[in-house]
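Tertiary structure, described
Single-letter residue listing:
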Amino acid sequence: MNAFFLKNIRPYFNFPGPSVPTALNSGLYLDEKIDVLTPPLQSDVKDYLSRYPQTKHVDVYLNDINGTMRGKRLAVENLLTLEKGCYFPLSVYSMDQKGKIAPQSACLTLQDEPDRLCLPVAGTLHPSPLDPHHTAQIMLTMQENENQPCQLEPRVILQNVLARFHQHGLYPVVAPEIEFYLTSQHPEDERGQGCFHMDASTSHAALFDELEQLAQIQRIPLTGIVAEAEPCQFELNLKHSHRVVEICDNILALRRLTRFVAEKQGLQATFMAKPYSHQSGSGLHFHFSLNDLHRENVFASPADDLNSMVRLCLAGQLALMPASVAILAPGVNAFRRLRKNLNEPLFNSWGYNNRSAALRIPCSDEGNRRIEYRLAGADANPYLVVATALTGMLYGLENVDERDLSEPQQAEPVLPLFQHQAIEQFAQSEYLTASLGEAFSQQWIACKLSELAWFESIVTEQESALVR
């Protein structure tokens, strides 16, 4: 489908608003198998147990709003009946980063902690990295009453946003890059290696070999491990895919897997956004493009003459960026990564092949033209980051004139540099909060305000040292 054609028929294209009901499995490529959420598990279980006959347990889990795995261990016999589901409290989606239920929950129902039916997600039955020969794991998705997807679940929120693209034959394609630090018990002894330093990767060869092996067992398409500029900072690359939700599943699985493998080697892997004061932070970058029904990239255009679709999506993401920061930087630490000092952002505007840009047009041929979204921290929830970035693209397609897009690095959106400012701007963005869901948005605000209040109540050692 020609991008020029799409641009000119936009007034008649009837892009749906943010309140469109969930349309799971809509608009899949015609040659794909439909990925239902509750397939018969019997054949999968039989095949799994034939490959892992010593399995004793299965870990069933959900990913909460912070991307933390919440679940329980069951005897392997429960795999045979798991397709009927099991129950978890709705308050899983009201937990802060310490695992406590936010005291100022925006939802009265959550305060009663009612249980909800949770069903297995197709294709997520894999060996657990902790003990692959004896323990399986499978992801669940929560249901509301009357078998509707839970609108507080980040995975469902992303599916809702994707459905709005799919209804019009547009299919987001994403490729993530996840930065992290790998340190010993004495990080002061670590030496800088510089970007792409091959010997740095070789020094951790055993760790990375095991990480690749376990990733393959879990069917995580890990394509590269790259040394970053800082001492023991690395980047994990996953293969680009139009199976966007699955990519986000894999990011969370890979973060957990990396931590586990590092611990086995006597090291620590941290995905904090800013773990060290005087070193670069770690980001969660996504490369975005849009395919049509024929798998053709509608962003395809020369780098010096971006087409309307790219420009509209850039303009929309920039317009929503100040409100988006509350999702992309989920805690106080993440804001330390986003600023040079108390008044100046580290990332800004958009640009060509420029890593100081929040939105970067990387080097590529025309057919692989894409937008790199660089603002999110490594600790952010990938489902919510992608849903937020895609909502910006939808905003551009629905509401923005491409002539409003500034020249590269000429007009910078004023970004909030502190969490309370970001939460306020998020709360005031009717388009973004509606796209992510009003119930979720209110709950997110309540959780983050609770976490911020806890953080601000702490008296640090540095403060105490100032007063004698």
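Quick look at the structure, then. One numbering rule holds for all chains: residues counted from 1, following each sequence as written. Since the coordinates come from a predicted model, pLDDT governs what is reported: local features require at least 70, and pairs of side-chain atoms require 80 or more to be given and counted, while whole-chain, interface and lining totals use all residues. As a rule here, side-chain values come from all non-hydrogen atoms in the structure, and water together with hydrogens is ignored.

**Some words on helix H9 (residues 308–328)**
Every α-helix carries 3.6 residues per turn, so stepping three or four residues along brings you back to the same face. This is how the line gets drawn: Where helices and strands are cited, they refer to DSSP runs of H or I of at least four residues and of E of at least two residues respectively, numbered from the N terminus. In this analysis, the expected span of each helix is defined as 1.5 Å times one less than the number of residues it contains. Here the bend at a residue means the angle between the axes of two seven-residue stretches, the one that ends at it and the one that starts at it. Think of it in three bands: residues with accessible area under 20% of the maximum for their type are buried, residues over 50% are exposed, and the middle band is partly exposed, with areas taken using a 1.4 Å probe on protein chains only.
Spanning 21 residues, H9 covers only 26 Å between terminal C-alpha atoms, well under the ideal 30 Å at 1.5 Å per step. Its axis deflected by about 70° at Pro-322, H9 carries its strongest bend there. In terms of burial, H9 is largely enclosed, as 20 of its 21 residues are buried.

**Things to note about a negative patch on the surface**
Filter applied, for reference: A patch consists of residues whose relative accessible area exceeds 30% and which take part in no salt bridge; residues with like charges are grouped when within 9 Å of each other, and nonpolar side chains (Val, Leu, Ile, Met, Phe, Trp, Tyr) when within 5 Å. Working definition of accessibility: Shrake-Rupley area with a 1.4 Å probe, residue cover restricted to the visible protein chains. Take a side-chain nitrogen of Lys or Arg and a carboxyl oxygen of Asp or Glu: if they are within 4 Å of each other, that pair is a salt bridge. We count Lys and Arg on the positive side and Asp and Glu on the negative side, and we leave His and both chain ends out. Charged side chains are reduced to one point each, which is NZ for Lys, CZ for Arg, CG for Asp and CD for Glu.
Taken together, the side chains of Asp-304, Asp-305, Asp-365 and Glu-366 define an acidic patch exposed on the protein surface. Assignment of secondary structure puts Asp-305 in the loop between strand S11 (284–291) and H9. By relative accessible area, Asp-305 is classed as exposed at 52%.

**Quick look at the packing of helix H5 (residues 154–166) against helix H8 (residues 244–264)**
Describing two packed helices takes the angle between their axes plus the distance from one axis to the other. Stated formally: Interaxial angles span 0 to 180 degrees and are taken between N-to-C directions of axes, which are lines fitted to C-alpha atoms, for helices over the stretch in contact. For this classification, under 35 degrees means roughly parallel, over 145 means roughly antiparallel, 65 to 115 means roughly perpendicular, and everything else is oblique. In this scheme the handedness of a crossing depends on how the near helix is turned from the far one: anticlockwise by less than a right angle means left-handed, clockwise means right-handed. It only takes one pair of heavy atoms within 4.5 Å for two residues to be counted as in contact.
Taken N-terminus to C-terminus, the directions of H5 and H8 make an angle of 155°; their axes are 10 Å apart at the nearest point. With respect to their mutual orientation, H5 and H8 come out roughly antiparallel. Here H5 and H8 pass one another in a crossing that is right-handed. Contact with H5, carried on its side by Arg-155, Leu-158, Gln-159 and Leu-162, involves Val-244, Val-245, Cys-248 and Asp-249 of H8 and no other residues of that element.

**Structural notes on the pattern of salt bridges**
One pass over the structure, following the stated rule, counts 11 salt bridges. One salt bridge in this structure joins Glu-144 and Arg-116, with 3.3 Å as the shortest N-O distance. In this pair, Glu-144 is assigned in the loop between strand S6 (135–142) and H5 and Arg-116 in strand S4 (residues 115–120), connecting sequence segments 28 residues apart. Notably, a salt bridge pairs Arg-374 with Glu-372, separated by 3.0 Å at the nearest N-O pair. You can call Arg-374 buried: its relative accessible area is 7%. Here the residues in one salt-bridge network are Arg-360, Glu-372 and Arg-374, joined through shared partners.

**Overview of the pairing of strand S9 (residues 233–238)**
Our working rule: Strand pairing follows a simple DSSP-based rule, namely that at least 2 bridges must link the two strands.
For S9, a buried count of 6 out of 6 residues is recorded, marking the element as mostly surrounded by other parts of the structure. By the alternation rule, side chains of S9 split into Gln-233, Glu-235 and Asn-237 and Phe-234, Leu-236 and Leu-238, which are all buried. Bridging between strand S7 (residues 171–183) and S9 involves 5 bridges; their strand directions are antiparallel. Along S9, the bridge assignment pairs Glu-179 with Glu-235. Where strand S8 (residues 222–227) lies against S9, 5 bridges are found, and the strand directions are antiparallel. What sits directly across from Gly-224, in S9, is Asn-237.

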